[in-house]
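A closer look at the structure
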Amino acid sequence: TGTNPGKHGVFDFLAFDGYDWDLVNATHVRRRTLWEYLDEAGYTSVVVNVPVTAPPRPFDGALVPGYLAPEGPACHPAGLLADLHDELGEYRVYARRETDERRDDDAKFADYLDLTHSRGAATRYLAERFDPDLGFVQFQKTDAVFHDFPGDDEKVRAVYEAVDEEITAILDECDPDTVVVASDHGMGPYDGYEFRVNEFLRDRDLVA
C-alpha cells in the first residue's frame, strides 16, 4: 500500500473487537494496493503469494493469495486456482499439516522446497497468460525456515538456493525492464533486549 500501519489499519496477524478476534484479511486493509493504483492507471498486474490479499479485490490481472489466506483460497479471476492445479499440479498456500503420525523434518522441509518452486512456476505461467506490466511474487519460506529449523544452515542455504533458481527462471522467461528484490525484515542473533515503544508510551499515559 505504500503506507504505514496507522494508515492501512493492519498492526498484527490478528484483528480484535473487544475480546473477540479473527485472523486479519484483505478486508481489514483500509488503503488500496499497488496493483489497484496501477489498474486505475490502465496497467495489468500478476500477484502471487503476497500476504493479506484474501479475499482478492478485482483489478486488471491475476492474484493468488498468500500467507493468512485459507488453504485453497478464492483467487482473481474466479477459477484461477483450478487453472493452476490443471497447469502445475497441486498448488498449496501452506506446507502439509501433521496428521496422526508426526511428519519428520525431511518430509516437512521437502514441502518447503516444493512450495518455493510452485511460486515461481505460478508466476511464470500467469505472466505468460496475462502479459502483465507488473509482476509481484513473494517467497515465504525464506522466513519460515529460520523459525522452523533454527541453526540448520544447510536447510537455510537450500531454501535460498531454490528462491535464486526461481528468480533466475522468472527473469529469463519474463525479461522485465526493472527488478526490485526486497525483504520485509531480517533474521539474526537476539541479545535478549527489546524496546516496545507502544508499551513505553502507554505506561506514561501518552497513548491509549
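Keep in mind that this is a model prediction, so the values were computed, not measured.

**Digging into the overall build of the chain**
Within the chain, the regular secondary structure consists of seven helices and five strands. Listing the helices and strands of the chain from first to last along the sequence gives α-β-β-α-β-β-α-α-β-α-α-α. With the C-alpha coordinates of the chain rotated into their principal frame, the extents come out at 55 × 45 × 35 Å. Residue burial in the chain is summarised as follows: out of 208 residues, 33% are buried. Once local pairs closer than 6 in sequence are excluded, the contacts in the chain between residues at least 24 apart make up 51%. Accessible area for the chain stands at about 13700 Å²; split by element, carbon and sulfur atoms hold 49% of it. Considering the chain, the positive charge centre built from 20 side chains and the negative charge centre built from 43 side chains are found 6 Å apart.

**So, the packing of helix H5 (residues 141–148) against helix H6 (residues 153–174)**
As a packed pair, H5 and H6 sit with axes 9 Å apart at the nearest point and diverge in direction by 175°. With respect to H6, the element H5 is oriented roughly antiparallel. Along its contact with H5, which presents Lys 141, Thr 142, Val 145 and Phe 146, the element H6 presents Lys 155, Val 156, Val 159, Tyr 160 and Val 163. Residues belonging to the contact of H5 with H6 are distributed by class as follows: six nonpolar, one polar and two charged.

**Quick look at helix H3 (residues 80–88)**
Those residues of H3 lying buried are Leu 80, Leu 81 and Leu 84. With its buried residues spanning 100° around the axis, H3 presents them on a single face. On its buried side, H3 packs onto strand E4 (61–64) and helix H4 (105–130). At the exit of H3 stands Gly 89, carrying a positive phi of roughly 90°.

**Here we look at the sheet that holds strand E5 (residues 134–137)**
Neighbouring strands of a sheet are bound in pairs by backbone hydrogen bonds; such pairs are parallel or else antiparallel. Sheet architecture is open: three strands sit in the order E4-E3-E5, paired in parallel fashion. With one partner strand each, in any of the chains shown, E4 and E5 form the two edges of the open sheet. Taken over all neighbouring pairs, the strand axes of this sheet differ in orientation by 5° on average, direction set aside. Relative to E4, strand E3 (residues 45–48) is paired through four bridges, and the arrangement is parallel.

Reading the values: rules and limits
- Residues numbered from 1 in each chain as written.
- Predicted model: local features only at pLDDT ≥ 70, side-chain atom pairs only at ≥ 80, totals over all residues.
- Heavy atoms only, no water.
- Helix = DSSP H or I, 4+ residues; strand = E, 2+ residues; numbered from the N terminus.
- Buried < 20%, exposed > 50% of the residue type's maximum accessible area, 1.4 Å probe, protein only.
- Contact = heavy atoms within 4.5 Å.
- Areas by Shrake-Rupley, 256 points an atom, 1.4 Å probe, with all protein chains shown as cover.
- Lys, Arg positive; Asp, Glu negative; His and termini not counted.
- Charge placed at Lys NZ, Arg CZ, Asp CG, Glu CD.
- Axes fitted to C-alpha atoms, helices over the stretch in contact; angles between N-to-C directions.
- Parallel < 35°, antiparallel > 145°, perpendicular 65-115°, else oblique.
- Nonpolar A, V, L, I, M, F, W, Y, C, P; charged D, E, K, R; others polar.
- Arc of directions from axis to C-beta.
- Pairing = 2+ DSSP bridges.

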